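# Descriptive analysis of the structure
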Amino acid sequence: MSVKAIPEGFHSITPYLGVSQAAAAIDFYKKAFGATEVMRLAMPDGSIGHAELRIGDSPLMLGTPCEDGPFVSPQGHTSVGIHLYVSDVDKQFETATAAGATVIKEVQDQFYGDRSCTLADPFGHVWFLASHKEDVPQAELEARLAALYEQPQG
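Residues numbered from 1 in each chain as written. Predicted model: local features only at pLDDT ≥ 70, side-chain atom pairs only at ≥ 80, totals over all residues. Heavy atoms only, no water.

### Topic: the layout of surface pockets
- Approximately 290 Å³ is the volume attributed to the largest pocket.
- Lining of the largest pocket is provided by 19 residues; of these, I55, D57, S58, H83 and L84 occupy positions nearest its centre.
- Mapped onto the lining of the largest pocket, the elements with two or more residues apiece are strand 4 (58-63) and strand 5 (81-85).
- With 4 residues, strand 5 is the single largest residue contributor to the lining of the largest pocket.
- When grouped by side-chain class, the residues that make up the lining of the largest pocket number 11 nonpolar, 7 polar and 1 charged. (1 Å grid on protein atoms, 1.4 Å probe; cavity = no way out; pocket = protein on both sides within 12 Å on 5 of 7 lines; lining within 4 Å. Points joined across faces, edges and corners; volume = space filled by probe spheres on them. Helix = DSSP H or I, 4+ residues; strand = E, 2+ residues; numbered from the N terminus. Nonpolar A, V, L, I, M, F, W, Y, C, P; charged D, E, K, R; others polar.)

Have a look at this one:
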């Protein structure tokens, strides 16, 4: 039996987060997004060397950044956001904010067919939560975008 190049249950791309308080982040992701913990490797100092979670059908890896590692926990702004599709974005928004997520953008219907919001977790990562409500053909999508920018900006 040969080993699969992409392990069972993984996709080609898997987010890997650097979180200075990785153990607390794992607890937060469980409360806020219903994550399940697949595995955790604790370091001798108690930090998390590597952990794997599952949110819905997708894996999420994280660990405590170390001095000789390639990345750090975000401080202020971050250049990467995690987009999470859920069945009920309004309910997930309430769950995540009750768990401690900070609201960046409230839940609202979007021109591209999603109902979505933007949150920041307590560790500096940005999350885009969405429920897909409408399949919008490309021509209609472009027309809606053009109309959006023709609106007077308040």
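There's more to say after this.
### As for the pattern of salt bridges
- The tally for this structure, following the rule as stated, stands at 7 salt bridges.
- The salt bridge partner of K4 is E8, with a shortest N-O separation of 2.5 Å. Of the two residues, K4 and E8, neither departs from the other in class, the shared state being exposed.
- Beyond isolated ion pairs, a larger network of salt bridges with shared partners links K30, E37 and R40. (Salt bridge = Lys/Arg side-chain N within 4 Å of Asp/Glu carboxyl O. Buried < 20%, exposed > 50% of the residue type's maximum accessible area, 1.4 Å probe, protein only.)

### Notes on the pairing of strand 5
- Burial along strand 5 is one-sided: the residues I82 and L84 are buried and none of G81, H83 and Y85 is.
- In terms of strand pairing, strand 5 meets strand 8 (residues 126-132) through 5 bridges, oriented parallel. What sits directly across from L84, in strand 8, is L129. (Pairing = 2+ DSSP bridges.)

### Side note on a nonpolar patch on the surface
- Residues L145, L148 and Y149 make up a contiguous nonpolar surface patch of roughly 320 Å² in combined accessible area.
- Mapped onto the elements, L145 comes out in helix 3 (residues 138-150).
- Judged by its relative accessible area of 35%, L145 falls in the partly exposed class. (Patch = residues over 30% accessible without salt bridge, like charges linked within 9 Å, V, L, I, M, F, W, Y side chains within 5 Å. Areas by Shrake-Rupley, 256 points an atom, 1.4 Å probe, with all protein chains shown as cover.)

### Thoughts on the packing of helix 1 (residues 22-33) against helix 2 (residues 89-99)
- Close contact between helix 1 and helix 2 brings their axes to 7 Å; oriented N to C, the two are set at 145°. Contacts from F28, K31, A32 and F33 of helix 1 reach helix 2 at Q92, T95, A96 and A99. (Axes fitted to C-alpha atoms, helices over the stretch in contact; angles between N-to-C directions. Contact = heavy atoms within 4.5 Å.)

### Quick look at the UniProt feature "domain: VOC" (unreviewed entry) in the protein chain
- Using the residue numbers shown here, the UniProt feature "domain: VOC" (unreviewed entry) corresponds to residues 9-132.
- Overall, residues 9-132 shows 19% helix and 41% strand. The separation of its end C-alpha atoms is 23 Å. (UniProt positions renumbered as here; feature names shortened; annotations may be inferred.)

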